[in-house]
2 protein chains.
Amino acid sequence: MRWWGWGREDRRLPLARPFAKMLDTQLGLDGRAREPVALADVALPEPALAVRARERLQQSVGGSAWVRSDHVSRVLHSGGKSYVDLVRMRAGAPLGGPDAVVYPATHEQVLSVLAVCSEERIAVVPFGGGTSIVGGLAPTPGAQSAVISLDLARLGGVYTVDPRSLTVSVAAGTRGPALEAALAEHDLTLGHYPDSFEFVSIGGCAATRSVGQASSGYGRIDQAIQGVRIATPVGELAAAALPASAAGPALRELIVGSEGVLGVITGLLVRVRTRPARQRYEGVAFDNFQEACEALRVVIQDRAMPDVVRVSDERQTEILMAAGESGGRRAPLGRRGLRGRDGVLMIVGWEGQRDSVDRRRLHAMTLLRRGGGTVIGAQAGRAWAASRFASPYVRDELLGHGVLVDQFETASTWSGIEPLRASVTAAIVEALNACGTPPLVGSQISHAYDTGASLTFTVLARALEGQEEAQWRAAKDAASATIVRAGATISHHHGIGRDHAAWAEAELGELGVSSLRALKAHLDPFGVMNPGKLLAEY
Amino acid sequence: MRWWGWGREDRRLPLARPFAKMLDTQLGLDGRAREPVALADVALPEPALAVRARERLQQSVGGSAWVRSDHVSRVLHSGGKSYVDLVRMRAGAPLGGPDAVVYPATHEQVLSVLAVCSEERIAVVPFGGGTSIVGGLAPTPGAQSAVISLDLARLGGVYTVDPRSLTVSVAAGTRGPALEAALAEHDLTLGHYPDSFEFVSIGGCAATRSVGQASSGYGRIDQAIQGVRIATPVGELAAAALPASAAGPALRELIVGSEGVLGVITGLLVRVRTRPARQRYEGVAFDNFQEACEALRVVIQDRAMPDVVRVSDERQTEILMAAGESGGRRAPLGRRGLRGRDGVLMIVGWEGQRDSVDRRRLHAMTLLRRGGGTVIGAQAGRAWAASRFASPYVRDELLGHGVLVDQFETASTWSGIEPLRASVTAAIVEALNACGTPPLVGSQISHAYDTGASLTFTVLARALEGQEEAQWRAAKDAASATIVRAGATISHHHGIGRDHAAWAEAELGELGVSSLRALKAHLDPFGVMNPGKLLAEY
């Protein structure tokens, strides 16, 4: 993973010319390229791990090779991949760094590390794929004397496969592509493809309640997880691996989404599916966003849910069309694609056995047409599929081009979607106008449910150099306050982390937050686990 | 509700003659009818509520009319409707009774009652429909000075309806039929039909993680619940009403299934569906249970899940066929129905818009036929539908006929179902053989998932008069120990209550149980909420 941005060092996806031009014109950019500082120039404080603590940690994980404090290791673990993380990193000024990076190889080693850290009062930041975009990986020691990054890279692999029950047990550090490759050998798939798929770890997905691009069909990660175990400073907590149970409150749902503040997820039992014989993605055009939403709502409420669903509003459709060739992304549709009219783009997709795909597609397409949709065919779908993991690469280019770029996301009921879209968009526009940087704000539904849908806002504006974080904060706070006021969720699929922690109480309630704190006090009595995340303070 | 059994006083459903004959022969019954004692002869201890406490409770709920200690009120709240509850009640010897029955009318009144009870050290047993069959309503004071039954009958009704988002907010005391009647006015349905539907409350369903007969299609109650609020002794805890969220651990899943030990669920936001234009239930015959399971597994894993699914094994099919006319139940199928061969019965059903039902049915039936099924048509389906709420009435007749009758239920992965069925059946048979009462044990899948299914064991044996509870305990313990040993769940849809509390730790783990206790200590610091339920002791 590139230390100052996203992805493999050998891959860059330059902006399409029409997209760059659109941004230059509409955002008032200067066209100057911005480069990150040199790796050696990234400023980190001196590592502050006491000798005894380091020795004990080395013993826990089987040697000094697995407790690292070199510059590169520390830089690579000094945060996640949020806009602010990247802005700071490119400037060589991350928010501190871990005093050491520790690599346990087994569940038992994790238990041992946590016991040591609890005794030595060392904060622990669990690190899976390193892809958090809500500050979940900030190496903040909180009230502790030092902080380690606990990298689960060695804790990878598939343990057992039950092809009949479609369940697989897997180590938490397993990365997305490695998991899918291992499952492919059994003709299976998890089907969990967040934008961060190339680097994400399955344990990280569980800890943050991740959602994949095909989660309308395959289910959110919390729906795929059948059982999970977590190592805490006081021992192991496991939620039994069952298809369903009425045995009290669901412990699984306490562990999932716990973002490392209760302990470290070390293993999971997940539901998989037979690898699809057929994948069919295509575009449907609608006159406007409301019409598209309404058609989608009817499809879903009639139980004809596609496996992939993305509905862009007018502005988002414009952005997608302009982004066109960015990152090798083919234009999802031209003017001809939208049949010469203005409108919005819906991408729908099905995966499964041939028969099942055809039957379900026919059902859904009949309803979408009835709802005003014009099927514009497979080209738009193929373009989407070809570039489905491109957006974080494109983001790097945007940062290099002087653009503030982020996605704020939430979810609401079907009745709430349109007023929420209007009010959040207005709040972001107002906040960035006040900064003197009028933005482009598009929005998109990317996951749909019987009762509502997610809503993701893409924000693009001229970055205020040297004040990027304050500028971003103005937009983020405006969006978050509006979301909370509307009774929508502060995060549909990124988690709370540090960036949403201030808003968590509004959603969880005072007694909800204090209940989670009571639980944390029970499992992490000295407060070493991931300080400052999930709940505003401990 | 009949105090000594199930249902309306004016409704009895006598055993079909072939069924009675089968039982007489196979279980060695004497054919003598057993009658319950007279209501006045039910023995209860003197009510022990202190004067000040009673006055404070009366103030909380708006007058003395809503705090009752008369014999009938106390008898009706002295337990649930488990086999043991009914055996004891028919003998006039319930496990104690509440010192008073308290009827709050609002969420605020519930909060007030719980604050009073916490201060006065009075145990509170929340009482919805009164249908628990796992001892969840036992009026045990635990360490407290007295115990009240908190009947939510006044806390009923639908608050708001959002037909576009298909969400409805509803008071927790609303009974099943009242809820469906209110929803019908909006052309909506919750579709949650447990066997206890006629009396069950929606809050009770939530507290016990109830599952309805059509939950394969409509979802378990925990899937239908979007938001929920609970009154605790220290205040209100609410889980926001959202289609989906990544904002930390799911508080909703802590409240759902909490069985009154954390507080009282007072209101819910549930997902509903448009009232089905079509309901189609039908029978499919298979040569044997394994074949039927395998066919069902394929259907579900190909995403062609029917809305209703019930697969009976050989013995259960025999019982169903013999039970025939019991309770007005038409024979689900005769020898002709199974096409003259031995075999097992699967009931499948679809509900929804005509198009959707037809499409989904065609997909599933194609696969079931391919899996060896013979479609035996709608008569079997209609027979099932006509008697879907009859079984607790029939149970009363069986008790009057001297039969031990109960259902033990669990869930497992598809790979685990067959060994679990074999081992649990063997354990029950062995335990009841040892009592000198060889049983009939049938089993049935009633809810299916991608990764596995529920499994319900119907147990019929000659009741040992005067030793019914010990005899039942022998069978229950044998079944529970076997279930736990297999790593299956101690309850798929009845909850833990008192009857499963001894087995909860095996499933939840030591740290799981202590975590729930830490949470309880936070929300119920004096331990007044439903003592002795869910967790073995506090």
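This is a predicted model, so every value here is computed, not measured.

**Here's the deal with the confidence of the model for chain A**
Reasoning step 1: Residues with a pLDDT of 70 or more make up 96% of chain A, whose mean pLDDT is 94.
Reasoning step 2: Predicted as a complex, the structure gets a pTM of 0.95 and an ipTM equal to 0.95.

**Considering the relation of the copies chain A and chain B**
Reasoning step 1: Taken as rigid bodies, chain A and chain B are interconverted by a rotation of 180 degrees and an axial shift of 0.0 Å, the fit giving an RMSD of 0.0 Å. A rotation of that kind, with that shift, is consistent with a two-fold axis.
Reasoning step 2: Looking at the interface residues of chain A, 100% of them are also at the interface in chain B, so both copies use one shared face.

**Quick word on unusual backbone geometry**
Reasoning step 1: A positive phi angle, close to 70 degrees, is found at L534 of chain A, a residue other than glycine.
Reasoning step 2: Considering the arrangement of structural elements, one finds L534 of chain A in the segment after α19 (510-523).
Reasoning step 3: The backbone phi angle of R121 of chain B is positive, close to 55 degrees, even though this residue is not glycine.
Reasoning step 4: Tracing the backbone through its elements, the reader meets R121 of chain B in the loop between α5 (107-120) and β3 (122-127).

**Side note on the interface of chain A and chain B**
Reasoning step 1: In this complex, chain A contributes 81 residues to the contact, which on the side of chain B involves 81 residues.
Reasoning step 2: Buried surface at the junction of chain A and chain B, both sides included, amounts to about 6500 Å², of which 59% is carbon and sulfur.
Reasoning step 3: By the criterion of area lost to chain B, the three top residues of chain A are R164, P249 and R303 of chain A, representing 12% of everything that side buries.
Reasoning step 4: Counting across the chain A and chain B interface gives 8 salt bridges.
Reasoning step 5: We note a salt bridge from R164 of chain B to E294 of chain A, for which the minimum N-O separation is 2.8 Å.
Reasoning step 6: At the boundary of chain A and chain B, one finds 34 residue pairs in polar contact (both at pLDDT 80 or more).
Reasoning step 7: When residues of the side of chain A that touches chain B are assigned to their parent elements, the largest contribution, 9 residues, is made by α19 of chain A.

**Re the environment of S514 of chain A**
All names here are of chain A.
Reasoning step 1: Mapped onto the elements, S514 comes out in helix α19.
Reasoning step 2: Separated by 21 residues in sequence, S514 and L535 have C-alpha atoms that sit 9.4 Å apart.
Reasoning step 3: Within the structure, the side chain of S514 is placed 3.2 Å from the backbone oxygen of L511, a separation counted as a polar contact.

**Describing the nonpolar core**
Reasoning step 1: Ranked by internal contacts, the top residues of the largest apolar core, which has 88 residues, are I265 and L268 of chain A together with L190, I265 and L268 of chain B.
Reasoning step 2: Ignoring any residue separated from it by four or fewer positions in sequence, one finds L268 of chain A in contact with V168, S169, V170, A172, I202, G203, A206, I225, G227 and V228 of chain A.

**Quick word on helix α1 (residues 17-27) of chain B**
Residue and element names in this part refer to chain B.
Reasoning step 1: Among the residues of α1, F19, A20, M22, L23 and L27 are the ones counted as buried. Along the axis of α1, the buried positions cluster into a sector of 160 degrees, meaning they face one direction only. Facing away from the buried surface of α1 by more than 90 degrees, the exposed residues are R17, P18, K21 and T25.
Reasoning step 2: Where α1 terminates, the next one or two residues include G28, which has phi positive at roughly 70 degrees.

**Description of the sheet that holds strand β2 (residues 100-102) of chain A**
Residues and elements named next belong to chain A.
Reasoning step 1: With mixed pairing, the 4 strands of this open sheet are ordered in space as β1-β2-β4-β3. This sheet does not close on itself; its edge strands, each paired only once, are β1 (67-68) and β3 (122-127).
Reasoning step 2: Examined bridge by bridge, β1 and β2 share 2 bridges and lie antiparallel to one another. Counted as the bridge partner of R68 is V101 from β2.
Reasoning step 3: Across the face of the sheet, helix α5 (residues 107-120) comes into contact with β2, β3 and β4 (146-151) while running at roughly 175 degrees to β4.

**Observations regarding the packing of helix α16 (residues 414-434) of chain A against helix α17 (residues 468-485) of chain A**
Residues and elements named next belong to chain A.
Reasoning step 1: Two elements in contact, α16 and α17, have axes whose closest approach is 8 Å; the angle formed by their N-to-C orientations is 155 degrees. As the angle between them shows, α16 and α17 are arranged roughly antiparallel. The handedness of the crossing between α16 and α17 is right-handed. In this structure, α16 contributes L420, S423, V424, A427, I428, A431 and L432 to the contact, and α17 contributes Q471, A474, A475, A478, A479, T482 and I483.

Calculation notes
Residues numbered from 1 in each chain as written. Chains lettered and ligands numbered in written order. Predicted model: local features only at pLDDT ≥ 70, side-chain atom pairs only at ≥ 80, totals over all residues. Heavy atoms only, no water. pLDDT = per-residue confidence, 0-100. Least-squares fit on C-alpha atoms with pLDDT ≥ 70 in both. Contact = heavy atoms within 4.5 Å. Helix = DSSP H or I, 4+ residues; strand = E, 2+ residues; numbered from the N terminus. Buried area = accessible area lost by both parts, 1.4 Å probe. Salt bridge = Lys/Arg side-chain N within 4 Å of Asp/Glu carboxyl O. Polar contact = N/O pair within 3.5 Å; in protein donor to acceptor, adjacent residues only side chain to side chain. Core = buried A, V, L, I, M, F, W, Y, C linked by side-chain atoms within 4.5 Å. Buried < 20%, exposed > 50% of the residue type's maximum accessible area, 1.4 Å probe, protein only. Arc of directions from axis to C-beta. Pairing = 2+ DSSP bridges. Axes fitted to C-alpha atoms, helices over the stretch in contact; angles between N-to-C directions. Parallel < 35°, antiparallel > 145°, perpendicular 65-115°, else oblique. Left-handed = near helix turned anticlockwise from the far one by under 90°.

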